[in-house]
Amino acid sequence: MGMNSRSVSIFGLGYVGSVTAACLAHKGHRVIGVDVNPDKVEMLEAGRSPVIEAQLDELVAESHQAGRLRATTDTSAALAQSDVSFACVGTPSHRNGKIDVTQIEHVCREIGRGLAAKNSYHTIVLRSTVLPGTTQSVVVPALESSSQKRAGVDFAVCYNPEFMREGTAVADFFEPPYTILGAEAPQQLVPLREVYGWVPGQVFETSLAVAEMAKYVSNAFHALKVSFANEVGTLAKQLGVDTEAVIRIFTSDTRLNISRAYLSPGFAFGGSCLPKDLRALEFRANELDLRLPLLKAILPSNAEHVERAVETILHSSKKKIGLLGLSFKAGTDDLRESPQVLLTKRLIGEGCHVRIWDPCVSLGHLIGSNRQFIDQVIPHIGSLLWTSLEEVVGAAEVVVIGTKSVDRAELAALLRPEQIVIDLVHLEKAARPEGMTSYQGLCW
Ligand SMILES: NC(=O)c1ccc[n+]([C@@H]2O[C@H](COP(=O)([O-])OP(=O)(O)OC[C@H]3O[C@@H](n4cnc5c(N)ncnc54)[C@H](O)[C@@H]3O)[C@@H](O)[C@H]2O)c1
(Lines give C-alpha, C1' and ligand atoms only; values in the text may rest on other atoms or scores of the structure.)
Protein backbone atom coordinates (compact mmCIF):
# COMPACT_ATOMS: atom_id res chain seq x y z
CA MET A 1 0.00 0.00 0.00
CA GLY A 2 1.38 3.42 -1.01
CA MET A 3 2.12 6.31 1.32
CA ASN A 4 -0.86 8.23 0.02
CA SER A 5 -3.52 5.58 0.40
CA ARG A 6 -6.83 6.96 1.55
CA SER A 7 -10.04 5.72 3.07
CA VAL A 8 -12.73 6.22 0.51
CA SER A 9 -16.47 5.61 0.50
CA ILE A 10 -18.41 5.17 -2.74
CA PHE A 11 -22.13 5.96 -2.79
CA GLY A 12 -24.01 4.21 -5.59
CA LEU A 13 -22.76 0.85 -6.84
CA GLY A 14 -23.93 1.00 -10.45
CA TYR A 15 -21.44 0.98 -13.33
CA VAL A 16 -19.55 4.08 -12.32
CA GLY A 17 -19.54 3.33 -8.58
CA SER A 18 -18.56 -0.33 -8.90
CA VAL A 19 -15.72 0.41 -11.30
CA THR A 20 -14.51 3.36 -9.22
CA ALA A 21 -14.63 1.24 -6.05
CA ALA A 22 -12.77 -1.76 -7.47
CA CYS A 23 -10.17 0.30 -9.31
CA LEU A 24 -9.37 2.61 -6.39
CA ALA A 25 -9.07 -0.44 -4.12
CA HIS A 26 -6.71 -1.98 -6.67
CA LYS A 27 -4.59 1.17 -6.43
CA GLY A 28 -4.21 0.60 -2.69
CA HIS A 29 -6.97 2.75 -1.20
CA ARG A 30 -9.28 1.33 1.46
CA VAL A 31 -12.73 1.41 -0.11
CA ILE A 32 -16.21 0.98 1.31
CA GLY A 33 -19.18 0.86 -1.06
CA VAL A 34 -22.71 1.99 -0.17
CA ASP A 35 -25.96 1.43 -2.03
CA VAL A 36 -29.65 1.61 -1.17
CA ASN A 37 -30.03 -1.70 -2.95
CA PRO A 38 -29.08 -4.41 -0.40
CA ASP A 39 -28.46 -6.98 -3.16
CA LYS A 40 -25.62 -4.90 -4.61
CA VAL A 41 -24.10 -4.41 -1.17
CA GLU A 42 -24.36 -8.10 -0.45
CA MET A 43 -22.65 -9.01 -3.71
CA LEU A 44 -19.74 -6.65 -3.11
CA GLU A 45 -19.43 -7.87 0.49
CA ALA A 46 -19.21 -11.40 -0.90
CA GLY A 47 -16.38 -10.37 -3.24
CA ARG A 48 -18.44 -10.28 -6.43
CA SER A 49 -19.07 -7.39 -8.80
CA PRO A 50 -22.60 -5.92 -8.72
CA VAL A 51 -22.42 -5.17 -12.47
CA ILE A 52 -21.19 -7.17 -15.46
CA GLU A 53 -18.09 -5.52 -16.84
CA ALA A 54 -14.86 -6.89 -18.30
CA GLN A 55 -12.10 -7.49 -15.70
CA LEU A 56 -14.28 -6.24 -12.87
CA ASP A 57 -14.97 -9.61 -11.19
CA GLU A 58 -11.25 -10.29 -10.88
CA LEU A 59 -10.52 -6.84 -9.50
CA VAL A 60 -13.33 -7.02 -6.95
CA ALA A 61 -12.29 -10.49 -5.80
CA GLU A 62 -8.64 -9.48 -5.49
CA SER A 63 -9.29 -6.35 -3.39
CA HIS A 64 -11.96 -8.07 -1.33
CA GLN A 65 -9.51 -10.81 -0.44
CA ALA A 66 -6.86 -8.23 0.44
CA GLY A 67 -9.38 -6.63 2.81
CA ARG A 68 -9.41 -3.32 0.98
CA LEU A 69 -12.93 -3.50 -0.46
CA ARG A 70 -16.07 -3.76 1.60
CA ALA A 71 -19.69 -2.64 1.35
CA THR A 72 -22.51 -1.56 3.65
CA THR A 73 -25.99 -0.05 3.61
CA ASP A 74 -25.10 2.03 6.65
CA THR A 75 -24.25 5.55 5.45
CA SER A 76 -23.02 6.85 8.81
CA ALA A 77 -20.66 3.91 9.29
CA ALA A 78 -19.24 4.44 5.80
CA LEU A 79 -18.70 8.13 6.46
CA ALA A 80 -17.10 7.51 9.82
CA GLN A 81 -14.63 5.10 8.20
CA SER A 82 -13.61 7.34 5.28
CA ASP A 83 -12.41 10.87 4.63
CA VAL A 84 -13.34 11.09 0.94
CA SER A 85 -16.79 10.14 -0.39
CA PHE A 86 -17.67 9.72 -4.07
CA ALA A 87 -21.31 10.08 -5.10
CA CYS A 88 -21.96 7.93 -8.18
CA VAL A 89 -25.75 7.76 -8.17
CA GLY A 90 -27.89 7.82 -11.30
CA THR A 91 -29.03 10.98 -13.11
CA PRO A 92 -31.74 9.64 -15.44
CA SER A 93 -33.81 11.71 -17.88
CA HIS A 94 -37.41 12.75 -17.39
CA ARG A 95 -39.58 12.10 -20.45
CA ASN A 96 -38.98 15.66 -21.68
CA GLY A 97 -35.19 15.24 -21.43
CA LYS A 98 -34.78 17.19 -18.21
CA ILE A 99 -32.16 15.65 -15.96
CA ASP A 100 -33.53 14.09 -12.76
CA VAL A 101 -31.33 14.93 -9.78
CA THR A 102 -33.46 13.36 -7.04
CA GLN A 103 -30.96 10.54 -6.40
CA ILE A 104 -28.27 13.17 -5.93
CA GLU A 105 -30.41 15.18 -3.50
CA HIS A 106 -31.18 12.04 -1.50
CA VAL A 107 -27.66 10.75 -1.29
CA CYS A 108 -26.34 14.20 -0.33
CA ARG A 109 -28.89 14.52 2.47
CA GLU A 110 -27.80 11.13 3.79
CA ILE A 111 -24.14 12.03 3.52
CA GLY A 112 -24.91 15.32 5.29
CA ARG A 113 -26.53 13.48 8.19
CA GLY A 114 -23.39 11.36 8.50
CA LEU A 115 -21.24 14.50 8.40
CA ALA A 116 -23.21 15.99 11.28
CA ALA A 117 -22.00 13.14 13.46
CA LYS A 118 -18.39 13.48 12.34
CA ASN A 119 -15.72 15.75 13.80
CA SER A 120 -13.00 15.47 11.18
CA TYR A 121 -12.79 17.20 7.79
CA HIS A 122 -14.43 15.36 4.90
CA THR A 123 -14.36 15.66 1.11
CA ILE A 124 -17.45 14.91 -1.00
CA VAL A 125 -16.87 14.28 -4.69
CA LEU A 126 -19.72 14.10 -7.20
CA ARG A 127 -19.06 11.79 -10.17
CA SER A 128 -22.54 11.66 -11.72
CA THR A 129 -23.04 13.59 -14.93
CA VAL A 130 -24.80 16.87 -14.07
CA LEU A 131 -25.45 20.18 -15.83
CA PRO A 132 -23.17 23.12 -14.98
CA GLY A 133 -24.19 24.71 -11.70
CA THR A 134 -25.75 21.56 -10.21
CA THR A 135 -22.99 20.79 -7.72
CA GLN A 136 -23.30 24.32 -6.37
CA SER A 137 -27.11 24.54 -6.46
CA VAL A 138 -28.10 20.97 -5.47
CA VAL A 139 -25.19 19.19 -3.78
CA VAL A 140 -23.94 22.04 -1.58
CA PRO A 141 -27.37 23.07 -0.16
CA ALA A 142 -28.40 19.44 0.50
CA LEU A 143 -25.14 18.73 2.34
CA GLU A 144 -25.22 22.00 4.29
CA SER A 145 -28.84 21.76 5.41
CA SER A 146 -28.64 18.18 6.64
CA SER A 147 -25.19 18.49 8.24
CA GLN A 148 -25.62 22.00 9.65
CA LYS A 149 -22.04 22.56 8.52
CA ARG A 150 -20.54 24.80 5.85
CA ALA A 151 -19.11 23.78 2.49
CA GLY A 152 -15.57 25.04 1.95
CA VAL A 153 -15.13 25.42 5.70
CA ASP A 154 -16.14 22.20 7.45
CA PHE A 155 -16.09 19.98 4.38
CA ALA A 156 -14.97 20.16 0.75
CA VAL A 157 -17.15 19.66 -2.34
CA CYS A 158 -15.56 18.60 -5.62
CA TYR A 159 -16.73 17.48 -9.03
CA ASN A 160 -14.87 14.73 -10.88
CA PRO A 161 -16.57 13.51 -14.07
CA GLU A 162 -16.15 9.94 -15.24
CA PHE A 163 -15.12 9.18 -18.83
CA MET A 164 -15.28 5.39 -18.82
CA ARG A 165 -17.16 3.53 -21.54
CA GLU A 166 -19.16 0.45 -20.63
CA GLY A 167 -17.40 -2.67 -21.93
CA THR A 168 -13.95 -1.14 -21.49
CA ALA A 169 -14.68 0.67 -18.22
CA VAL A 170 -11.81 -0.78 -16.17
CA ALA A 171 -9.20 -0.12 -18.86
CA ASP A 172 -10.63 3.40 -19.33
CA PHE A 173 -10.49 4.04 -15.58
CA PHE A 174 -6.80 3.14 -15.39
CA GLU A 175 -5.94 5.08 -18.56
CA PRO A 176 -8.34 7.98 -18.83
CA PRO A 177 -7.88 10.55 -21.63
CA TYR A 178 -7.62 13.12 -18.85
CA THR A 179 -8.68 13.62 -15.26
CA ILE A 180 -10.76 16.68 -14.38
CA LEU A 181 -10.89 17.84 -10.79
CA GLY A 182 -13.32 20.70 -10.12
CA ALA A 183 -13.73 22.77 -6.96
CA GLU A 184 -14.46 26.35 -5.99
CA ALA A 185 -11.04 26.67 -4.34
CA PRO A 186 -7.94 24.60 -5.22
CA GLN A 187 -7.16 23.65 -1.60
CA GLN A 188 -10.40 21.65 -1.54
CA LEU A 189 -8.79 19.32 -4.10
CA VAL A 190 -5.85 18.21 -1.95
CA PRO A 191 -7.33 14.83 -0.83
CA LEU A 192 -8.57 14.13 -4.37
CA ARG A 193 -5.10 14.74 -5.80
CA GLU A 194 -3.86 11.99 -3.48
CA VAL A 195 -6.63 9.60 -4.51
CA TYR A 196 -5.51 10.13 -8.12
CA GLY A 197 -1.78 10.17 -7.40
CA TRP A 198 -1.29 7.18 -9.74
CA VAL A 199 -3.23 8.45 -12.76
CA PRO A 200 -1.56 8.76 -16.19
CA GLY A 201 -2.50 11.54 -18.59
CA GLN A 202 -3.15 15.19 -17.92
CA VAL A 203 -4.86 16.27 -14.71
CA PHE A 204 -6.86 19.50 -14.96
CA GLU A 205 -7.77 21.41 -11.82
CA THR A 206 -10.60 23.80 -12.55
CA SER A 207 -13.89 25.23 -11.30
CA LEU A 208 -16.95 23.10 -10.59
CA ALA A 209 -18.88 24.47 -13.57
CA VAL A 210 -16.03 23.95 -16.06
CA ALA A 211 -15.61 20.37 -14.85
CA GLU A 212 -19.37 19.75 -15.13
CA MET A 213 -19.59 21.26 -18.61
CA ALA A 214 -16.45 19.50 -19.92
CA LYS A 215 -18.20 16.17 -19.43
CA TYR A 216 -21.25 17.18 -21.49
CA VAL A 217 -19.13 18.77 -24.20
CA SER A 218 -17.11 15.55 -24.50
CA ASN A 219 -20.21 13.38 -24.73
CA ALA A 220 -21.94 15.71 -27.20
CA PHE A 221 -18.82 15.73 -29.39
CA HIS A 222 -18.50 11.95 -29.32
CA ALA A 223 -22.16 11.67 -30.35
CA LEU A 224 -21.60 14.28 -33.09
CA LYS A 225 -18.65 12.30 -34.42
CA VAL A 226 -20.65 9.07 -34.58
CA SER A 227 -23.53 10.72 -36.44
CA PHE A 228 -21.19 12.62 -38.76
CA ALA A 229 -19.37 9.43 -39.71
CA ASN A 230 -22.68 7.62 -40.20
CA GLU A 231 -24.14 10.35 -42.43
CA VAL A 232 -20.95 10.68 -44.47
CA GLY A 233 -20.84 6.89 -44.82
CA THR A 234 -24.49 6.78 -45.88
CA LEU A 235 -23.91 9.39 -48.57
CA ALA A 236 -20.72 7.71 -49.80
CA LYS A 237 -22.40 4.31 -50.02
CA GLN A 238 -25.34 5.70 -51.97
CA LEU A 239 -22.91 7.40 -54.34
CA GLY A 240 -21.07 4.12 -54.83
CA VAL A 241 -17.96 5.48 -53.13
CA ASP A 242 -15.79 3.32 -50.85
CA THR A 243 -16.69 4.70 -47.37
CA GLU A 244 -13.79 2.98 -45.63
CA ALA A 245 -11.22 4.47 -47.99
CA VAL A 246 -12.71 7.94 -47.55
CA ILE A 247 -12.69 7.74 -43.75
CA ARG A 248 -9.18 6.28 -43.68
CA ILE A 249 -7.86 9.22 -45.65
CA PHE A 250 -10.02 11.77 -43.83
CA THR A 251 -8.92 10.66 -40.35
CA SER A 252 -5.24 10.56 -41.32
CA ASP A 253 -5.16 14.37 -41.39
CA THR A 254 -4.32 15.41 -37.83
CA ARG A 255 -3.69 19.02 -38.82
CA LEU A 256 -7.11 20.19 -39.97
CA ASN A 257 -9.45 17.19 -39.48
CA ILE A 258 -8.71 15.34 -36.23
CA SER A 259 -7.25 18.30 -34.35
CA ARG A 260 -8.01 21.50 -32.48
CA ALA A 261 -8.40 23.32 -35.81
CA TYR A 262 -11.85 24.90 -36.27
CA LEU A 263 -12.72 24.07 -32.65
CA SER A 264 -12.33 27.57 -31.26
CA PRO A 265 -15.58 29.41 -30.57
CA GLY A 266 -15.57 32.52 -32.78
CA PHE A 267 -17.64 33.93 -35.66
CA ALA A 268 -19.59 32.10 -38.34
CA PHE A 269 -17.77 30.40 -41.19
CA GLY A 270 -18.02 31.79 -44.70
CA GLY A 271 -16.05 32.23 -47.86
CA SER A 272 -16.35 30.72 -51.25
CA CYS A 273 -15.99 27.07 -50.26
CA LEU A 274 -17.61 25.78 -47.08
CA PRO A 275 -21.18 27.12 -47.62
CA LYS A 276 -21.19 26.23 -51.32
CA ASP A 277 -19.86 22.73 -50.75
CA LEU A 278 -22.33 21.98 -47.98
CA ARG A 279 -25.17 23.10 -50.26
CA ALA A 280 -23.90 20.83 -53.03
CA LEU A 281 -23.81 17.82 -50.68
CA GLU A 282 -27.27 18.58 -49.40
CA PHE A 283 -28.66 18.94 -52.92
CA ARG A 284 -27.18 15.62 -53.97
CA ALA A 285 -28.48 13.91 -50.82
CA ASN A 286 -31.96 15.27 -51.57
CA GLU A 287 -31.78 13.91 -55.11
CA LEU A 288 -30.97 10.51 -53.63
CA ASP A 289 -33.86 10.84 -51.15
CA LEU A 290 -31.41 10.61 -48.26
CA ARG A 291 -32.26 12.22 -44.95
CA LEU A 292 -29.02 13.57 -43.46
CA PRO A 293 -30.28 15.89 -40.70
CA LEU A 294 -26.87 16.57 -39.21
CA LEU A 295 -25.24 17.78 -42.44
CA LYS A 296 -28.41 19.71 -43.22
CA ALA A 297 -28.30 21.50 -39.86
CA ILE A 298 -24.85 23.04 -40.34
CA LEU A 299 -25.81 26.01 -42.54
CA PRO A 300 -28.84 26.96 -40.41
CA SER A 301 -26.64 26.77 -37.32
CA ASN A 302 -24.15 29.08 -39.01
CA ALA A 303 -26.87 31.55 -40.00
CA GLU A 304 -28.12 31.51 -36.42
CA HIS A 305 -24.66 32.51 -35.27
CA VAL A 306 -24.69 35.59 -37.53
CA GLU A 307 -28.12 36.43 -36.10
CA ARG A 308 -26.68 36.05 -32.60
CA ALA A 309 -24.07 38.67 -33.48
CA VAL A 310 -26.79 40.98 -34.82
CA GLU A 311 -28.77 40.59 -31.60
CA THR A 312 -25.71 41.17 -29.42
CA ILE A 313 -24.98 44.42 -31.27
CA LEU A 314 -28.62 45.59 -31.24
CA HIS A 315 -28.83 44.79 -27.54
CA SER A 316 -26.45 47.70 -26.94
CA SER A 317 -29.25 50.03 -28.14
CA LYS A 318 -26.61 52.05 -30.02
CA LYS A 319 -26.90 52.86 -33.70
CA LYS A 320 -23.39 53.93 -34.69
CA ILE A 321 -21.44 50.80 -35.45
CA GLY A 322 -17.79 50.59 -36.48
CA LEU A 323 -17.03 47.21 -38.04
CA LEU A 324 -13.38 46.19 -38.32
CA GLY A 325 -13.03 43.54 -41.02
CA LEU A 326 -15.39 42.78 -43.88
CA SER A 327 -13.86 39.78 -45.64
CA PHE A 328 -14.54 36.29 -44.27
CA LYS A 329 -11.06 36.06 -42.78
CA ALA A 330 -8.01 38.20 -42.19
CA GLY A 331 -5.53 38.64 -45.03
CA THR A 332 -7.96 38.24 -47.93
CA ASP A 333 -10.27 40.54 -49.87
CA ASP A 334 -12.68 37.71 -50.64
CA LEU A 335 -16.15 38.94 -49.70
CA ARG A 336 -18.08 36.02 -51.15
CA GLU A 337 -20.42 34.69 -48.47
CA SER A 338 -18.54 36.61 -45.82
CA PRO A 339 -20.64 36.53 -42.64
CA GLN A 340 -19.35 40.04 -41.91
CA VAL A 341 -21.09 41.20 -45.10
CA LEU A 342 -24.32 39.47 -44.06
CA LEU A 343 -24.00 41.04 -40.62
CA THR A 344 -23.59 44.48 -42.18
CA LYS A 345 -26.66 43.98 -44.33
CA ARG A 346 -28.74 42.98 -41.32
CA LEU A 347 -27.51 45.91 -39.24
CA ILE A 348 -28.34 48.38 -42.03
CA GLY A 349 -31.79 46.83 -42.21
CA GLU A 350 -32.17 47.49 -38.48
CA GLY A 351 -31.43 51.16 -39.02
CA CYS A 352 -27.82 51.16 -37.84
CA HIS A 353 -25.20 53.50 -39.28
CA VAL A 354 -22.31 51.27 -40.18
CA ARG A 355 -18.79 52.34 -41.02
CA ILE A 356 -16.43 49.58 -42.12
CA TRP A 357 -12.65 49.37 -42.06
CA ASP A 358 -10.83 46.57 -43.81
CA PRO A 359 -7.34 47.27 -45.13
CA CYS A 360 -7.51 44.26 -47.46
CA VAL A 361 -10.72 45.35 -49.16
CA SER A 362 -10.54 48.13 -51.68
CA LEU A 363 -13.60 48.44 -53.87
CA GLY A 364 -11.58 49.52 -56.91
CA HIS A 365 -9.67 46.27 -56.79
CA LEU A 366 -12.58 43.88 -56.41
CA ILE A 367 -13.34 42.01 -59.59
CA GLY A 368 -15.30 39.08 -60.95
CA SER A 369 -17.60 37.03 -58.72
CA ASN A 370 -16.26 38.77 -55.65
CA ARG A 371 -17.38 42.21 -56.94
CA GLN A 372 -20.65 40.74 -58.19
CA PHE A 373 -21.45 39.28 -54.78
CA ILE A 374 -20.93 42.48 -52.84
CA ASP A 375 -22.76 44.59 -55.45
CA GLN A 376 -25.74 42.28 -55.11
CA VAL A 377 -25.83 42.11 -51.32
CA ILE A 378 -24.88 45.71 -50.44
CA PRO A 379 -24.91 47.85 -53.61
CA HIS A 380 -23.84 51.02 -51.77
CA ILE A 381 -20.95 49.28 -50.00
CA GLY A 382 -18.61 52.00 -51.31
CA SER A 383 -20.18 54.60 -49.04
CA LEU A 384 -19.66 52.41 -45.96
CA LEU A 385 -15.98 51.59 -46.46
CA TRP A 386 -13.41 53.88 -44.89
CA THR A 387 -9.68 53.62 -45.30
CA SER A 388 -8.78 55.15 -41.96
CA LEU A 389 -9.25 53.15 -38.77
CA GLU A 390 -9.50 56.41 -36.88
CA GLU A 391 -12.55 57.56 -38.83
CA VAL A 392 -14.33 54.27 -38.21
CA VAL A 393 -13.52 53.87 -34.53
CA GLY A 394 -13.89 57.61 -33.89
CA ALA A 395 -17.50 57.73 -35.10
CA ALA A 396 -18.59 54.48 -33.43
CA GLU A 397 -20.56 53.88 -30.26
CA VAL A 398 -20.04 50.15 -30.72
CA VAL A 399 -16.78 48.80 -32.14
CA VAL A 400 -17.21 45.32 -33.64
CA ILE A 401 -14.00 43.38 -34.11
CA GLY A 402 -14.50 41.19 -37.18
CA THR A 403 -10.88 40.55 -38.12
CA LYS A 404 -7.79 39.26 -36.38
CA SER A 405 -5.54 41.61 -38.32
CA VAL A 406 -6.06 44.73 -36.30
CA ASP A 407 -3.10 46.37 -34.61
CA ARG A 408 -3.57 46.12 -30.87
CA ALA A 409 -1.73 49.33 -29.94
CA GLU A 410 -3.28 51.34 -32.77
CA LEU A 411 -6.79 50.31 -31.73
CA ALA A 412 -6.08 50.85 -28.02
CA ALA A 413 -5.00 54.42 -28.78
CA LEU A 414 -8.30 55.12 -30.58
CA LEU A 415 -10.78 53.49 -28.20
CA ARG A 416 -12.70 55.66 -25.76
CA PRO A 417 -13.88 54.40 -22.36
CA GLU A 418 -17.59 54.76 -23.16
CA GLN A 419 -17.35 52.62 -26.29
CA ILE A 420 -18.67 49.08 -26.29
CA VAL A 421 -16.34 46.55 -27.93
CA ILE A 422 -17.87 43.35 -29.31
CA ASP A 423 -15.38 40.73 -30.46
CA LEU A 424 -16.66 38.31 -33.10
CA VAL A 425 -13.39 36.60 -33.93
CA HIS A 426 -12.12 35.66 -30.47
CA LEU A 427 -8.90 37.66 -30.31
CA GLU A 428 -6.41 35.97 -28.04
CA LYS A 429 -6.09 37.76 -24.72
CA ALA A 430 -2.60 38.96 -25.65
CA ALA A 431 -3.94 40.47 -28.89
CA ARG A 432 -6.79 42.40 -27.26
CA PRO A 433 -6.30 46.15 -26.91
CA GLU A 434 -5.75 47.37 -23.39
CA GLY A 435 -8.07 49.74 -21.61
CA MET A 436 -11.39 48.43 -22.93
CA THR A 437 -14.04 49.18 -20.32
CA SER A 438 -16.67 47.02 -21.94
CA TYR A 439 -15.48 44.01 -23.90
CA GLN A 440 -17.87 41.27 -24.94
CA GLY A 441 -17.02 38.02 -26.68
CA LEU A 442 -19.72 36.62 -28.92
CA CYS A 443 -19.71 33.17 -27.29
CA TRP A 444 -16.96 33.18 -24.65
N1 LIG B 1 -22.56 4.14 -17.13
C2 LIG B 1 -21.57 4.79 -17.67
O3 LIG B 1 -20.84 4.30 -18.52
C4 LIG B 1 -21.28 6.21 -17.24
C5 LIG B 1 -20.09 6.82 -17.65
C6 LIG B 1 -19.80 8.11 -17.23
C7 LIG B 1 -20.72 8.78 -16.41
N8 LIG B 1 -21.88 8.18 -16.04
C9 LIG B 1 -22.78 8.91 -15.13
O10 LIG B 1 -22.54 8.43 -13.82
C11 LIG B 1 -23.75 8.38 -13.07
C12 LIG B 1 -24.04 6.97 -12.59
O13 LIG B 1 -24.20 6.13 -13.70
P14 LIG B 1 -24.39 4.57 -13.54
O15 LIG B 1 -24.53 4.01 -14.91
O16 LIG B 1 -23.35 4.02 -12.63
O17 LIG B 1 -25.83 4.54 -12.79
P18 LIG B 1 -26.62 3.28 -12.20
O19 LIG B 1 -28.06 3.64 -12.28
O20 LIG B 1 -26.11 2.03 -12.81
O21 LIG B 1 -26.19 3.25 -10.67
C22 LIG B 1 -26.63 4.15 -9.70
C23 LIG B 1 -26.63 3.41 -8.36
O24 LIG B 1 -26.86 4.37 -7.31
C25 LIG B 1 -27.66 3.73 -6.33
N26 LIG B 1 -28.28 4.75 -5.48
C27 LIG B 1 -29.32 5.57 -5.75
N28 LIG B 1 -29.59 6.37 -4.71
C29 LIG B 1 -28.69 6.05 -3.75
C30 LIG B 1 -28.45 6.52 -2.43
N31 LIG B 1 -29.22 7.49 -1.89
N32 LIG B 1 -27.46 5.97 -1.71
C33 LIG B 1 -26.70 4.99 -2.24
N34 LIG B 1 -26.89 4.51 -3.49
C35 LIG B 1 -27.86 5.02 -4.23
C36 LIG B 1 -28.62 2.89 -7.14
O37 LIG B 1 -29.22 1.85 -6.34
C38 LIG B 1 -27.70 2.33 -8.23
O39 LIG B 1 -27.11 1.14 -7.82
C40 LIG B 1 -24.81 8.96 -14.00
O41 LIG B 1 -24.90 10.35 -13.75
C42 LIG B 1 -24.25 8.71 -15.36
O43 LIG B 1 -24.75 9.66 -16.29
C44 LIG B 1 -22.16 6.90 -16.43
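Everything that follows concerns the structure shown earlier in this document.
Note that the structure is predicted; figures quoted are calculated from it, not measured.

Caption draft 1: Representation of the packing of helix α9 (residues 208-238) against helix α10 (residues 243-252) within the structure. Orientation of α9 relative to α10, taken along the N-to-C sense of each, is 135 degrees, at an axis distance of 9 Å. The orientation of α9 with respect to α10, classified from their angle, is oblique. Here α9 and α10 pass one another in a crossing that is right-handed. The residues of α10 that touch α9, namely those facing Phe228, Val232, Gly233, Ala236 and Lys237, are Thr243, Ile247 and Phe250. Broken down by class, the residue content of the contact of α9 with α10 amounts to five nonpolar, two polar and one charged.

Caption draft 2: Summary view of the state of the cysteines. Counted according to the given criterion, the structure contains zero disulfides. Among the cysteines around Cys88, which has no disulfide bond, Cys108 carries the closest sulfur, lying 11 Å off. What makes Cys88 buried here is its relative accessible area of 8%.

Caption draft 3: Main features of the packing of aromatic side chains. All told, the structure shown has seven aromatic pairs when counted by the stated rule. With a centroid separation of 5.2 Å and an interplanar angle of 85 degrees, the aromatic rings of Phe163 and Tyr178 are classed as edge-to-face. With Phe163 in the loop between β6 (155-159) and α7 (169-174) and Tyr178 in strand β7 (residues 178-182), this pair connects stretches of sequence that are 15 residues apart. A relative accessible area of 14% means that Phe163 is categorised as buried. Overall, the relative accessible area of 27% leaves Tyr178 in the partly exposed class. Pairing Phe228 with Phe250 gives two aromatic rings, centres 6.2 Å apart and planes at 40 degrees, and the pair type is tilted. Here the residue Phe228 occupies a position in helix α9, and Phe250 occupies one in helix α10, the gap between them amounting to 22 residues. An aromatic cluster of at least three residues, connected via ring pairs, comprises Phe173, Phe174, Tyr196 and Trp198. A cation over a ring is seen here: Arg355 above Trp386, with NZ or CZ 3.7 Å from the ring centre.

Caption draft 4: Examining helix α5 (residues 102-116) more closely. In this model, α5 (15 residues) spans 21 Å end to end at C-alpha, consistent with the 21 Å of a helix rising 1.5 Å per residue. By the burial criterion, the buried members of α5 are Ile104, Val107, Cys108, Ile111, Gly112, Gly114 and Leu115. Buried residues in α5, looked at end-on, bunch into an arc of 160 degrees, giving them a common side. Buried residues belonging to α5 abut β1 (7-11), α4 (75-80), β4 (84-87), β5 (122-126), α6 (134-147) and β6.

Caption draft 5: Representation of the site of the ligand. Surrounding the ligand, one finds 22 residues, the nearest of these being Val16, Asp35, Lys40, Thr91 and Glu166. Within the contact set of the ligand, an oxygen atom lies 2.5 Å away from a side-chain nitrogen or oxygen of Thr91. Contact between the ligand and Thr129: an oxygen atom at 2.9 Å from a main-chain N or O atom of the residue. Compared with its free state, where it exposes 840 Å², the ligand has 80% of that area covered by protein. Classifying every residue of the shell around the ligand by side-chain character gives nine nonpolar, seven polar and six charged.

Caption draft 6: The arrangement of unusual backbone geometry in detail. Phi at Gln55 is positive, roughly 70 degrees, even though this residue is not glycine. Inspection of the secondary structure puts Gln55 in the loop between α2 (38-45) and α3 (56-65). Overall, Gln55 belongs to the partly exposed group, its relative accessible area being 46%.

Caption draft 7: Here's a closer look at the sheet that holds strand β9 (residues 320-324). The sheet built from six strands is open, its strands ordered β11-β10-β9-β12-β13-β14 with parallel pairing. Strands at the two margins of the open sheet, each flanked by one partner only, are β11 (385-386) and β14 (438-441).

Caption draft 8: Region of the structure containing the pairing of β7. Among the five residues that make up β7, four are buried, leaving the element largely enclosed by the rest of the structure. In the sheet, β7 pairs with strand β8 (residues 202-206) via five bridges, with the strands oriented parallel. Bridge assignment links Thr179 to a residue of β8, and that residue is Val203. Running through helix α8 (residues 190-195), the crossover from β7 to the neighbouring parallel element β8 is right-handed.

Caption draft 9: Region of interest: empty space enclosed by the protein. The full count for this structure, using the stated rule, is three cavities of 30 Å³ or more. Its volume calculated, the largest cavity comes out at about 110 Å³. Lining the largest cavity are 14 residues; nearest its centre among them are Arg127, Glu162, Pro176, Tyr178 and Thr179. Listed by contribution, the elements that provide at least two residues to the lining of the largest cavity are α7 and β7.

Caption draft 10: Representation of the pattern of salt bridges in the model. A complete count under the given rule lists 14 salt bridges for this structure. With a closest N to O distance of 3.0 Å, Asp277 and Lys276 form a salt bridge. A salt bridge links Glu350 to Arg346; the shortest N-O distance between them is 3.0 Å. Of the residues examined, Glu350 reaches a relative accessible area of 35% and is grouped as partly exposed. Each member of the salt-bridge network shares a partner with another, and the members are Arg6, Asp83 and Glu194.

Definitions and cut-offs
- Residues numbered from 1 in each chain as written.
- Predicted model: local features only at pLDDT ≥ 70, side-chain atom pairs only at ≥ 80, totals over all residues.
- Heavy atoms only, no water.
- Axes fitted to C-alpha atoms, helices over the stretch in contact; angles between N-to-C directions.
- Helix = DSSP H or I, 4+ residues; strand = E, 2+ residues; numbered from the N terminus.
- Parallel < 35°, antiparallel > 145°, perpendicular 65-115°, else oblique.
- Left-handed = near helix turned anticlockwise from the far one by under 90°.
- Contact = heavy atoms within 4.5 Å.
- Nonpolar A, V, L, I, M, F, W, Y, C, P; charged D, E, K, R; others polar.
- Disulfide = S-S within 2.5 Å.
- Buried < 20%, exposed > 50% of the residue type's maximum accessible area, 1.4 Å probe, protein only.
- Phe/Tyr/Trp six-rings, centres within 6.5 Å; stacked < 30°, edge-to-face > 60°.
- Lys NZ or Arg CZ within 6 Å of the ring centre and 35° of its normal.
- Expected span 1.5 Å × (residues − 1).
- Arc of directions from axis to C-beta.
- Near = heavy atom within 4 Å.
- Polar contact = N/O pair within 3.5 Å; in protein donor to acceptor, adjacent residues only side chain to side chain.
- Areas by Shrake-Rupley, 256 points an atom, 1.4 Å probe, with all protein chains shown as cover.
- Pairing = 2+ DSSP bridges.
- Right-handed = clockwise from strand over helix to strand, strands pointing away.
- 1 Å grid on protein atoms, 1.4 Å probe; cavity = no way out; pocket = protein on both sides within 12 Å on 5 of 7 lines; lining within 4 Å.
- Points joined across faces, edges and corners; volume = space filled by probe spheres on them.
- Salt bridge = Lys/Arg side-chain N within 4 Å of Asp/Glu carboxyl O.

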